Amino acid sequence: MAKYLLLKHYRGAPAAVNDVPMDQWTPEEISAHIQYMNDFAARLEKSGEFVDGQALAPEGAWVRYDGEGRPPVTDGPFAETKDLIAGWMVIDVDSYERAVELAGELSAAPGAGGKPIHEWLEVRPFLAAPPTIAE
Amino acid sequence: MDEVLLRSLTPTVLGILVRRGADFAAAEDAVQDALLEAARVWPADPPRDAKSWLVTVAWRKFLDQVRADAARRRRENRVEEEPAPGPAPAVDDTLQLYFLCAHPSLTPSSAVALTLRAVGGLTTRQIAQAYLVPEATMAQRISRAKRTVSGVRFDQPGDVATVLRVLYLVFNEGYSGDIDLAAEAIRLTRQLAAQVDHPEVAGLLALMLLHHARRATRTAPDGSLVPLAAQDRGRWDTELIAEGVRILQAALARDRLGEFQAQAAIAALHADAPTAEETDWVQIVEWYDELARLTDSPIVRLNRAVALGEADGPRAGLAALAALDTALPRHTAVAAYLHERDGDLVTAARLYAEAAGKAPSLAERDYLTRQAARLNALHRH
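Residues numbered from 1 in each chain as written. Chains lettered and ligands numbered in written order. Predicted model: local features only at pLDDT ≥ 70, side-chain atom pairs only at ≥ 80, totals over all residues.

Attention shifts here to unusual backbone geometry. That bond from Gly76(A) to Pro77(A) is cis: its omega, -5°, falls within 30 degrees of zero. Mapping Pro77(A) onto the fold places it in the loop between strand E4 (73-75) and strand E5 (84-93). Backbone geometry at Asp296(B) places phi at a positive 55°, although glycine is not the residue there. As for its placement among the helices and strands, Asp296(B) is situated in the loop between helix H15 (281-295) and helix H16 (298-311). Residue classification places Asp296(B) among the exposed residues on the basis of 9 C-beta atoms within 10 Å. The backbone of Arg330(B) sits at a positive phi, close to 70°, despite the residue not being glycine. Topologically, Arg330(B) is positioned in the loop between helix H17 (314-322) and helix H18 (331-341). (Helix = DSSP H or I, 4+ residues; strand = E, 2+ residues; numbered from the N terminus. Buried ≥ 20, exposed ≤ 12 C-beta atoms within 10 Å, placed from the backbone.)

Okay, the pairing of strand E1 (residues 2-11) of chain A next. All names here are of chain A. The pairing of E1 with E5 spans 9 bridges and is antiparallel. Paired with Tyr4 across the bridge in E5 is Ile91. Judged from the 4 bridges that link them, E1 and strand E6 (residues 122-125) form a sheet pairing that is antiparallel. Its bridge partner lying in E6, Leu7 is registered against Glu122. (Pairing = 2+ DSSP bridges.)

Turning our attention to the packing of helix H13 (residues 238-252) of chain B against helix H14 (residues 259-272) of chain B. All names here are of chain B. Packing of H13 against H14 leaves a shortest axis separation of 10 Å and a crossing angle of 140°. For the element pair H13 / H14, the angle class is oblique. In terms of crossing hand, the pair formed by H13 and H14 is left-handed. Contacts between H13 and H14 involve Ile241, Gly244, Val245, Leu248, Ala251 and Leu252 on the former and, on the latter, Gln261, Ala264, Ala265, Ala268 and Ala271. Grouping the amino acids of the contact of H13 with H14 by side-chain chemistry returns 9 nonpolar, 2 polar and no charged. (Axes fitted to C-alpha atoms, helices over the stretch in contact; angles between N-to-C directions. Parallel < 35°, antiparallel > 145°, perpendicular 65-115°, else oblique. Left-handed = near helix turned anticlockwise from the far one by under 90°. Contact = placed C-beta atoms within 7 Å. Nonpolar A, V, L, I, M, F, W, Y, C, P; charged D, E, K, R; others polar.)

In this section: the environment of Ala26(B). Residues and elements named next belong to chain B. Looking at where Ala26 falls in the secondary structure, it is placed in helix H3 (residues 24-41). A count of 18 C-beta atoms within 10 Å places Ala26 in the partly exposed class. When the C-alpha atoms of Ala26 and Leu368 are compared, they prove to be 49 Å apart, with 342 residues separating the residues in sequence. Not counting residues up to four positions away in its chain, the partners in contact with Ala26 are Phe62, Gln65 and Val66.

Next up on the list: the sheet that holds E5(A). Residues and elements named next belong to chain A. What the 4 strands build is an open sheet, ordered E2-E5-E1-E6; its pairing is antiparallel. Bordering the open sheet on either side are strand E2 (50-55) and E6, each of which pairs with just one other strand. The average undirected angle you get between the axes of adjacent strands in this sheet is 20°.

The predicted model of chain B averages 91 in pLDDT, with 95% of residues at 70 or higher. Model confidence for the complex is summarised by a pTM of 0.89, with the ipTM given as 0.87. (pLDDT = per-residue confidence, 0-100.)

Right, let's talk about the interface of chain A and chain B for a bit. Residue-level contacts link 13 residues of chain A with 13 residues of chain B. Among the elements that line the side of chain A that touches chain B, the one with the most residues is helix H1 (residues 27-46) of chain A, at 5 residues. Its residues placed into classes, the side of chain A that touches chain B shows 7 nonpolar, 4 polar and 2 charged.

Turning to H3(B), a few remarks are in order. Residues and elements named next belong to chain B. A rise of 1.5 Å per residue sets the reference length of H3, with its 18 residues, at 26 Å; its end C-alpha atoms lie 25 Å apart and thus fit the reference within 8%. Phe24, Ala27, Glu28, Ala30, Val31, Gln32, Ala34, Leu35 and Ala38 are the residues of H3 that are buried. Residues of H3 that are buried make contact with helix H1 (3-8), helix H2 (10-19), helix H4 (50-73), helix H6 (94-101), helix H7 (108-119) and helix H9 (135-148). (Expected span 1.5 Å × (residues − 1).)

Here we come to helix H12 (residues 199-212) of chain B. The end-to-end C-alpha separation of H12(B) is 20 Å, in line with the 20 Å expected for 14 residues at 1.5 Å each. Across the 14 residues of H12(B), 13 count as buried, placing the element largely inside the fold.

Before going further, it helps to examine the domain arrangement of chain B. Residues and elements named next belong to chain B. For chain B, the assigned domains read domain 1 (1-92), domain 2 (280-321) and domain 3 (329-381). The distance between the C-alpha centroids of domain 2 and domain 3 comes to 20 Å. Tallying the contact residues gives 9 residues for domain 2 and 7 residues for domain 3. When residues of the side of domain 2 that touches domain 3 are traced back to their parent elements, those giving at least two are H16 and H17. Among the elements that make up the side of domain 2 that touches domain 3, the one with the highest residue count is H17 (5 residues). Its residues placed into classes, the side of domain 2 that touches domain 3 shows 6 nonpolar, 2 polar and 1 charged. (Domains from an automatic or database assignment.)

Okay, structure coming up:
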């Protein structure tokens with residue numbers, strides 16, 4: 001088994017095929033999209049492949065240490081050009097091929113006109129713990 | 001005996017152990033162990049007297065633990081001289097436990113966790129599930145909280161207000177595990193109301209009951225939020241509403257107004273309206289004025305702007321909103337709503353979309369995005 005992170009972007013990913021902002025969809029199309037995402041997560045829970053999924057607010061800040069006794073420096077809100085993560089799903093699957101297959105399904109979630117968004121998702125393997133037998 | 005009844009004995013049993021001289025942290029562990037054993041043993045072999053069973057088993061667990069510690073520290077003799085457990089004292093220390101678990105030296109998250117375990121009798125695993133953190137994290141949070149209050153004297157009265165804040169948090173936040181936190185908060189507040197005669201305790205209980213009465217109608221079957229005006233009022237729980245109103249009226253009659261009574265009064269006015277259109281917004285604005293006087297909270301003023309928008313028209317609401325900091329949570333969502341009521345659908349749609357980007361929860365974000373989509377769709381036709 002290997003864990004993969006499926007990353008969804010607010011911006012920074014290549015443009016989707018059906019690239020219409022959500023507030024320009026109909027309310028029914030939004031409901032259909034949310035239903036698809038919920039069903040997808042529920043199906044992965046049933047198949048024993050779901051680990052975690054969370055959504056992130058678009059607002060945030062950069063933060064760094066600024067030396068002994070000083071408060072951390074913050075810089076925000078993010079510049080318009082920053083790559084912006086919208087959320088993630090962690091899956092635990094048997095192969096890279098399975099991870100790609102699932103990311104493809106997730107990317108097929110319906111958007112404007114009820115048609116698949118074809119959104120680009122980032123698939124990233126976790127660095128695993130070292131195996132017991134190494135030689 | 002069901003699980004909730006079993007758990008309701010937790011603070012009494014814990015109080016008895018502490019009265020007998022057990023320190024709070026060790027006694028709390030012992031009670032938790034006894035509860036786990038009860039859950040295992042009772043289904044097949046129910047005790048005649050649940051409370052004495054729990055006291056006996058918890059005391060034995062406590063002694064086992066002390067002896068194990070003592071053996072390590074070679075202090076066996078002193079422990080052997082501890083008095084045998086006598087009859088349970090008549091005083092109920094439940095109230096003291098509430099104070100201890102909500103002690104001002106605890107952070108809100110620690111106070112919530114400790115209250116749910118030591119007063120509510122929930123297991124660490126159940127609490128961890130409710131707040132979506134690993135069990136080991138929650139165990140650490142609880143044991144640190146117990147260390148923090150270890151020096152606090154058990155017999156000193158605390159501040160009811162701190163307890164109420166903790167119970168309010170339990171009611172208002174948290175996710176689902178196998179425990180219904182809202183119902184648990186109501187149970188703990190009822191238990192507190194039985195211990196202490198205080199109009200704000202009654203006010204909080206009334207507030208919880210009145211909100212809980214609407215719970216089934218707050219979300220659609222697909223999980224999306226249903227705003228108050230669109231809820232199916234026929235499905236509100238009239239028994240809970242009647243109880244909430246009764247408790248609130250008795251509290252208000254004592255003429256010691258506090259923020260929970262004022263919030264409950266607003267909830268009661270909503271519960272009282274047969275349709276959204278019949279809501280007595282003028283009275284609700286007056287209650288928000290009372291609340292603003294009591295709390296000086298900008299959130300209250302934001303809610304007041306919404307109520308004013310209903311009572312005196314959206315322009316009045318927008319004027320009140322203009323006086324508030326735009327960085328307030330939900331400021332943009334309120335602006336969107338008031339602009340929609342005012343007939344400016346283009347501005348409203350833009351603000352709904354903007355508010356969706358600032359929403360603090362997924363459900364709210366989806367709701368606001370839908371509102372924007374609904375107005376944009378109208379505009380296209």
